[in-house]
Amino acid sequence: MTCAAHTLPERSPVSVNGVEIPHDAIAREAQHHPAFKPIEAWQAAAHALVVRELLLQEARRLGMAPVPRRDASGRREAEDEALIRELIERKVTTPEPDETSCRRYYEHNRRRFRSEPIYEAAHILFPAREDSAEDFAAAERAANLVIGELQAQPSRFSDLARAHSACPSAAQGGNLGQITAGQTTTEFEEALVGLAPGTISEKPVKTHYGVHIIRLDRRIEGQELPFELVSDKIADYLRDSVVRRAAAQYIARLVSQAEIAGVVLAGAEAHQVSTSG
């Protein structure tokens, strides 16, 4: 029996200025457009292939010849991709971001330009299988007993880590060295953020590895990065943003002048282009 949720309805042929885009080509393209429903992936694929065909037709109308490039790995650009790139480069001209624009963006987005905080920490890990509530309960009981010992004698942390921790860091008394954002699990990181330097977690911290006791030794706050250090990245970002908007406007003009059947392109949808070769 066929599941209706995975069956695409019969659709009208899709064409651009009389050139039909085969249903099979759209189905293949759909794999590059993940969606909750197959019909949504199919529609996104159809939009992308329509825009691709439209750009190729315009490049050929202008008599352009492809000049493929090679990337750093030596891979040669497909001729159709080269044509599309050359057309966009010729027709979509944008101003280079100047220092004033870059500084304005920097001033309005200072929070984005900070180095991550650095934490120097140690831990004691009591392992537990992620799918075992019993394992976690046992690990938590063991961790609470050790927390009780640490509350009486915090200086024993390294000795207790060597005795109990299932992490390789046990050999260094649980010392994890310097940690930055994204290097540990979300739960571990949240616990670090909540600790004051020189303190030990009062409750066990659960992660998918098991249960942890965490000691925060030092926190080095993130520093604001100077404009000179990030100016090139800001210029790249502003340049890419302007190019994307200008390309979308150019494609929208082509769409408005074309005869497109089987799919409707409007607004932001018109800038989607297939990336499959």
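Note that the coordinates shown come from a computational prediction; the quantities given were computed from them, not determined experimentally. (Residues numbered from 1 in each chain as written. Predicted model: local features only at pLDDT ≥ 70, side-chain atom pairs only at ≥ 80, totals over all residues. Heavy atoms only, no water.)

Engineer: What is the right way to read the UniProt feature "domain: PpiC" (unreviewed entry) in the protein chain from this model?
Structural biologist: Within this numbering scheme, the UniProt entry marks residues 116-218 as carrying the feature "domain: PpiC" (unreviewed entry). Between the end C-alpha atoms of residues 116-218 there is a gap of 14 Å, over a span that is 36% helix and 28% strand. (UniProt positions renumbered as here; feature names shortened; annotations may be inferred. Helix = DSSP H or I, 4+ residues; strand = E, 2+ residues; numbered from the N terminus.)

Engineer: What's the story with the domain arrangement of the protein chain in this structure? I'm lost.
Structural biologist: Interface size is commonly expressed as the accessible area that is lost once the parts come together. Once the domains are mapped, the protein chain shows domain 1 (15-69 + 77-95 + 232-261) and domain 2 (118-220). Measuring from the centre of the C-alpha atoms in domain 1 to the corresponding centre in domain 2 gives 52 Å. (Domains from an automatic or database assignment.)

Engineer: Mind showing me how you'd approach helix H3 (residues 79-91) here?
Structural biologist: Side chains of residues three or four places apart in an α-helix project in the same direction, reflecting 3.6 residues per turn. Counted at 1.5 Å a residue, the expected span for H3 with its 13 residues is 18 Å, and the 18 Å between its end C-alpha atoms agrees. Turning to H3, its buried residues are Ala82, Leu83, Ile84, Arg85, Glu86, Leu87 and Ile88. Tucked inside the fold, the buried residues of H3 contact helix H2 (38-61) and helix H8 (227-257). (Expected span 1.5 Å × (residues − 1). Buried < 20%, exposed > 50% of the residue type's maximum accessible area, 1.4 Å probe, protein only. Contact = heavy atoms within 4.5 Å.)

Engineer: Explanation requested: the packing of aromatic side chains in the structure shown.
Structural biologist: Two descriptors summarise a pair of aromatic rings, namely the distance from one centre to the other and the angle between the planes of the rings. According to the stated counting rule, one finds 4 aromatic pairs in the structure shown. For the pair Tyr106 and Phe227, a centre-to-centre distance of 5.6 Å together with 75° between the ring planes defines the contact as edge-to-face. Of this pair, Tyr106 sits in helix H4 (residues 99-108) while Phe227 sits in helix H8, and the two are 121 residues apart along the sequence. Judged by relative accessible area, which is 7%, Phe227 ranks as buried. Among the aromatic residues, ring-to-ring pairing joins Tyr105, Tyr106, Phe113, Phe227 and Tyr237 into one connected group. Against the face of Phe157 rests Arg215, its NZ or CZ located 4.6 Å from the ring centre. (Phe/Tyr/Trp six-rings, centres within 6.5 Å; stacked < 30°, edge-to-face > 60°. Lys NZ or Arg CZ within 6 Å of the ring centre and 35° of its normal.)

Engineer: What should I look at first to understand unusual backbone geometry in this one?
Structural biologist: In most cases, non-glycine residues show a negative phi, while peptide bonds are predominantly trans. Phi is positive for Asn17, which is not a glycine, with a value near 50°. Along the polypeptide, Asn17 turns up in the loop between strand E1 (14-16) and strand E2 (19-21). Note on Asn17: relative accessible area 38%, which makes it partly exposed.

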